[in-house]
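The primary structure of each chain is shown beneath.
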Amino acid sequence: MQPQITVILDNGASSIKAGLARGPEGDDDDQPKLIPNAIVRSKGDKTTYFGHQLERCRDYSALHYRLPFEKGYLVDWDAQKAVWDGVFSSEVLNVDTAESSLLITEPYFNLPNIQDVYDQFVFEEYEFYSYHRCTPAATIPFGHLFQAGGPSPPECLVVIDSGFSFTHVVPIVNNQIQWYAVKRLDVGGKLLTNQLKELVSYRQWNMMDETYIMNHAKETCCYVSTGFFEDLETCRSNPKKNSIVREYVLPNFSINRPGRIRLPNEELSTTDQVLHMENERFTIPELLFRPDDIGLEQSGLAATVAASIALLPHDLRGMFWANIGLIGGSTNFPGFYERLSSELLSLTPVEYDLQIYRSEDAITEAYRSAIAFVNDPAFSAHVVTREEYLEVGSNASRRKFSGWQSSSAPGDADISKITQESMIEDRGQPSRKPNRSRMRTTTAPGRRR
């Protein structure tokens, strides 16, 4: 019998989004607990904090991070176990793992030997009753990101997941990731923060050891420009006084005051230190759209999306262009949606409509979709039980969880046949072309037809 409680663990490289799903009749944790996925050593406190304990820190200057993830993959299992122990403890979720099921997210293109270690930790270390492992994008069709487009999720959609390590473009057909068309952009929140640290350290203060502070400055001050060269000229013509420049007041941990943007006419004390954020505000997020600015030989995000859709069956591309969803913390920059819409519009074929869906909280969207997936009656068919694992080992997971290793690029006719069968089942009649009527109703006003 499947346990009533399912632990949801959106195991990101920067933060873990954790909560409990208590079944269709239970009270789910709609808002997850956000836990730093790191072991942090504070020089000021001279204390080591494990994951959720970081909120007890009083001096965030010169923090040293030990991250379980390196270059997008989970490699430090000792550090990860220390963080997970705290998550499952009475201080956070207070859950009995042996009497619970687990849904955990993994990186895209995760390596088989790393997947085997996931299985070992889940069943041998924590002894979960059962578990399901998938990528964050795989949960999105079960959530409400595309709800504005109709009562049921679209059969064909594209998820843009811009996270800590990378940005992925993930096409999905009937809840199945089309791995042959998944694209990766080697720009994520970590690279942007590191680039900001280097710029500020070169131009103003040495901030190379202040990852926590500069990450907050990035999230507070930066935005995606919709007129990059105009903004650049504004900063060049009058560097210190213009509409773009902001003064970021560095935190003062001796009086427990966080960093902030200086308000107009605000008086500063003699002890306040200020960062002048000029073109750094928009040149840092610009790397998502122009990675070649720092020597990465990759296309920008809009061109990557177009390249991914171009690999998909021709008669379904209209549905992909009409159902693009945004998740991940790096999509939260002001102006990101407008810039992506503008660049994608110029790349969209004239016969298709463009529609981009954004979440109210892009960071936790995958978690909320995972809650809906767990409450789906079909979820029990997607889990591997401890009994199955003890019988055949990780082969049980390989059979149950469809991965990128076993995927291949099907022909147009293969996917069209699958999609038509789904449409017959859902609506009682086949459809050989994208559903144009629904795409038009979800297109923003003023868009071309």
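In the block above lies the structure referred to throughout.
What counts, and at which threshold
- Within each chain, residues carry numbers counting from 1 in the order of the written sequence.
- Selection of residues for local features in this predicted model requires a pLDDT of at least 70, selection of side-chain atom pairs for listing and counting requires 80 or more, and totals for whole chains, interfaces and linings are taken over all residues.
- To get the side-chain values, take all heavy atoms of the structure and skip hydrogens and water.
- Numbering of helices and strands runs from the N terminus, with a helix taken as a DSSP run of H or I at least four residues long and a strand as a DSSP run of E at least two residues long.
- Per-residue accessibility, obtained with a 1.4 Å probe over protein chains only, is compared with the maximum for each type, and a residue is labelled buried under 20%, exposed over 50%, and partly exposed between these values.
- Residue contacts are counted whenever heavy atoms from the two residues lie within 4.5 Å of one another.
- To measure how exposed things are, a 1.4 Å probe is used in the Shrake-Rupley method; for residues, cover is taken only from the protein chains shown.
- When a carboxyl oxygen of Asp or Glu is within 4 Å of a side-chain nitrogen of Lys or Arg, the pair counts as a salt bridge.
- Helices are assigned an expected span. That span is 1.5 Å times one less than the residue count.
- Only strands that DSSP links by at least two bridges are regarded as paired with each other.
- Note on method: axes are straight lines fitted to C-alpha atoms, helices fitted across the in-contact stretch only, with angles between N-to-C directions ranging 0 to 180 degrees.
- Each polar contact in these results corresponds to two N or O atoms within 3.5 Å; when the atoms are within protein, one needs to be able to donate a hydrogen and the other to accept it, and residues that are neighboring in sequence are counted only if both atoms are side-chain atoms.

Chemist: Would you mind going over the overall build of the protein in detail, with residue names and values included?
Modeler: Of the regular secondary structure elements, the protein holds 15 helices and 20 strands. Per-residue burial for the protein yields a buried fraction of 54% across its 449 residues. Counting contacts in the protein only where the partners sit at least 6 residues apart, residues at least 24 apart contribute 68% of the total. Only carbon and sulfur atoms are counted for the fraction: they give 49% of the accessible area of the protein, which is about 20900 Å².

Chemist: Lay out the pattern of salt bridges with the relevant residues and their values.
Modeler: Enumeration according to the criterion identifies 19 salt bridges in this entry. A salt bridge links Glu106 to Arg133; its shortest N-O distance comes to 2.9 Å. You can see Glu106 sitting in the loop between strand S9 (101–105) and helix H2 (112–125) and its partner Arg133 sitting in strand S10 (residues 130–134), a full 27 residues away along the chain. Here Glu106 falls in the buried class, since its relative accessible area comes to 10%. The shortest N-O distance in the salt bridge between Asp116 and Arg398 comes to 2.9 Å. Placement of Asp116 in helix H2 and of Arg398 in helix H13 (residues 395–400) is noted, with a sequence separation of 282 residues between them.

Chemist: Give a description of helix H10 (residues 336–347) that names residues and reports values.
Modeler: Across its 12 residues, H10 extends 17 Å between first and last C-alpha, which sits within 8% of the 16 Å expected from 1.5 Å per residue. For H10, the set of buried residues is Phe336, Arg339, Leu340, Ser341 and Leu344. Packed against the buried residues of H10 are strand S11 (156–162), helix H8 (301–310), helix H9 (317–321), strand S18 (324–327) and strand S19 (356–358).

Chemist: Which residues make up the sheet that holds strand S2 (residues 15–21), and what values go with them?
Modeler: Pairing in this open sheet of 6 strands is mixed, and the strands run S3-S2-S1-S9-S10-S20 from one edge to the other. Because the sheet does not close on itself, it has two edges, and the strands there are strand S3 (33–36) and strand S20 (384–385). Bridge count for strand S1 (residues 6–11) against S2 is 6 bridges, and the pairing is antiparallel. Note on S2: the bridge partner recorded for Asn11 is Ile16. Each of S9, S10 and S20 is contacted by H2, which is oriented at about 155° to S10, the strand it contacts most.

Chemist: Go over helix H1 (residues 77–88), please, and point to the residues and values.
Modeler: A rise of 1.5 Å per residue sets the reference length of H1, with its 12 residues, at 16 Å; its end C-alpha atoms lie 16 Å apart and thus fit the reference within 8%. Within H1, burial applies to Trp77, Ala79, Gln80, Val83, Trp84, Gly86, Val87 and Phe88. One side-chain oxygen at the N-terminal end of H1 lies 3.4 Å from the backbone nitrogen of Asp78; it belongs to Asp76.

Chemist: Can you lay out the pairing of S2 for me, pointing to particular residues and giving the numbers?
Modeler: Counting buried residues along S2, 7 of its 7 residues qualify, which places the element largely inside the surrounding structure. Side chains of S2 alternate between two faces, with Ser15, Lys17, Gly19 and Ala21 and Ile16, Ala18 and Leu20 buried alike. With antiparallel pairing between neighbouring strands as the criterion, S1 and S2 make up a hairpin whose turn holds 3 residues. Across 4 bridges, the pairing between S2 and S3 is antiparallel.

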